[in-house]
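This is what each chain is made of:
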Amino acid sequence: MPKASKKSYYAVCIGREGPKIYNSWDECKQNTSRYPGAKHRGFSTYQDAQDWLASAMSLSSNLGRKPSADSDSEVEVQMPPTPISDDSDIEIIDTPPLGATGSSPTEIVLSPEQKKVLKKVEKGENVFFTGSAGTGKSVLLREIIRYFRSTNKKVAITASTAVNIAGSTIHSWAGIGLGEEPTKTYVGKFRGQKKLRSVWDRWRNVHALIVDESEDTLSRACQ
Ligand SMILES: Nc1ncnc2c1ncn2[C@@H]1O[C@H](COP(=O)(O)OP(=O)(O)OP(=O)(O)O)[C@@H](O)[C@H]1O
């Protein structure tokens with residue numbers, strides 16, 4: 001019988017601290033034990049834990065259904081309301097409202113603006129997109145995630161609140177705490193400390209990073 005792979009990451013969809021990925025079973029247990037409706041699962045890789053959480057969370061937050069591990073693409077997100085940086089490496093595209101096009105949510109045909117963003121992502125460009133409520137940001141984000149998964153590229157999804165999106169905050173994913181130290185310090189830590197090796201590997205192995213943050217957080221990160 002093949003030996004079961006060691007579980008190093010524990011994804012919690014429903015628990016005391018909300019959706020979160022833990023590095024130890026003890027932490028996971030602490031936050032799920034005797035918690036009504038607790039839902040969690042152990043994984044050997046961070047990516048698998050994140051993928052499972054994304055699927056489970058998207059169904060529960062998006063559709064109001066019970067979380068399930070069967071979907072891999074639906075993630076509800078709240079995008080920042082306005083562009084906040086003219087960083088030349090980041091494309092800013094303001095998606096206009098879809099309006100009353102009669103489009104059914106079950107028949108998704110990307111609008112020209114959505115297609116434009118997706119094309120840029122496919123070309124490997126950094127993209128920042130925004131728009132007011134109902135302009136199709138979530139739909140577009142799902143397509144982007146679907147694209148990365150269909151091409152077997154590792155994608156990390158971070159958000160300011162794990163209630164809206166599965167995954168973790170940019171701070172916890174990046175392993176930088178409050179993010180107040182200089183980059184050099186973090187690099188030294190991640191390379192030098194064995195226990196932080198997983199953070200180092202995470203950074204090195206990820207192909208794309210999706211950051212769904214408030215305007216405030218993004219503004220600070222871009223400075
Ligand atoms: N290309 C599309 N074709 C058909 N329907 C679409 C398309 N894009 C978005 N929609 C539909 O429009 C509605 C709003 O889209 P979506 O939830 O992605 O907007 P949003 O910008 O994320 O909104 P919010 O900021 O309020 O979360 C949804 O019902 C969605 O299914």
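Residues numbered from 1 in each chain as written. Predicted model: local features only at pLDDT ≥ 70, side-chain atom pairs only at ≥ 80, totals over all residues. Heavy atoms only, no water.

To keep it simple, the criterion reads: UniProt positions are given in the numbering used here, feature names are shortened, and annotations may be inferred rather than shown by experiment.
Looking at an unreviewed UniProt entry, one finds the chain named ATP-dependent DNA helicase and attributed to Lentinula lateritia. UniProt's Cofactor (unreviewed entry) comment on the chain is quoted here verbatim: "Mg(2+)". Quoted verbatim from the Sequence similarities (unreviewed entry) field of UniProt, the annotation for the chain is "Belongs to the helicase family."

## Some points on the sheet that holds strand β3 (residues 39–43)
Applied cut-off: Strands are labelled as partners when DSSP assigns at least two bridges between them. Helix numbering and strand numbering both begin at the N terminus, where a helix is a DSSP run of H or I of at least 4 residues and a strand a DSSP run of E of at least 2. A fitted line through C-alpha atoms represents every axis, and for helices the fit uses only the stretch in contact; the resulting angles, taken between N-to-C directions, go from 0 to 180 degrees.
Taken in spatial order, the three strands make up an open sheet running β2-β1-β3, and their pairing is antiparallel. Edge positions in the sheet fall to β2 (20–22) and β3, since each has one partner strand and no second. If you compare each strand with its neighbour and ignore which way they point, the axes differ by 20° on average. In this structure, strand β1 (residues 9–14) lies alongside β3, joined through five bridges in antiparallel fashion.

## Description of the packing of aromatic side chains
Selection criterion: When two rings of Phe, Tyr or Trp (its six-membered ring) have centres within 6.5 Å they constitute a pair, described as stacked for plane angles under 30 degrees, edge-to-face for angles over 60, and tilted for the intermediate range. Burial classes: relative accessible area under 20% of the type maximum marks a residue as buried, over 50% as exposed, and values in between as partly exposed (1.4 Å probe, protein chains only). In this analysis the charged atom, NZ for Lys or CZ for Arg, is taken to sit over a ring once it is within 6 Å of the ring centre and within 35 degrees of the ring normal.
Under the counting rule described, the total for this entry stands at four aromatic pairs. On the basis of an interplanar angle of 50° and a centroid distance of 5.6 Å, the ring pair of tyrosine 10 and tryptophan 25 is categorised as tilted. Of this pair, tyrosine 10 sits in strand β1 while tryptophan 25 sits in helix α1 (residues 25–32), and the two are 15 residues apart along the sequence. Classification of tryptophan 25 as partly exposed rests on a relative accessible area of 37%. Ring geometry for tyrosine 147 and phenylalanine 148: centres 5.2 Å apart, planes at 55°, overall tilted. Here tyrosine 147 and phenylalanine 148 have matching classes, each one buried. Of note, arginine 202 hangs over the ring of tyrosine 46, and the distance from its end group to the ring centre comes to 4.3 Å.

## Describing the pairing of β1
Along any regular strand the residues' side chains alternate between the sheet's two faces. Counting buried positions along β1 yields five of six residues, so the element is predominantly enclosed. Here β1 pairs with β2 via three bridges, running antiparallel. Within β2, the residue paired with valine 12 across the bridge is lysine 20. The antiparallel hairpin formed by β1 and β2 contains five residues in its connecting segment, where glycine 18 sits at a positive phi of about 80°.

## Quick word on helix α3 (residues 112–122)
Short version of the rule: By construction, the arc corresponds to the directions joining the helix axis to the C-beta atoms.
For α3, the full list of buried residues reads Gln114, Val117, Leu118, Lys120 and Val121. Seen along its axis, α3 keeps its buried residues to an arc of 160°; they face one direction. Exposed side of α3, more than 90 degrees from the buried face: Pro112 and Lys119 are the residues found there. Within two residues after α3, glycine 124 carries a phi angle of roughly 90°, on the positive side.

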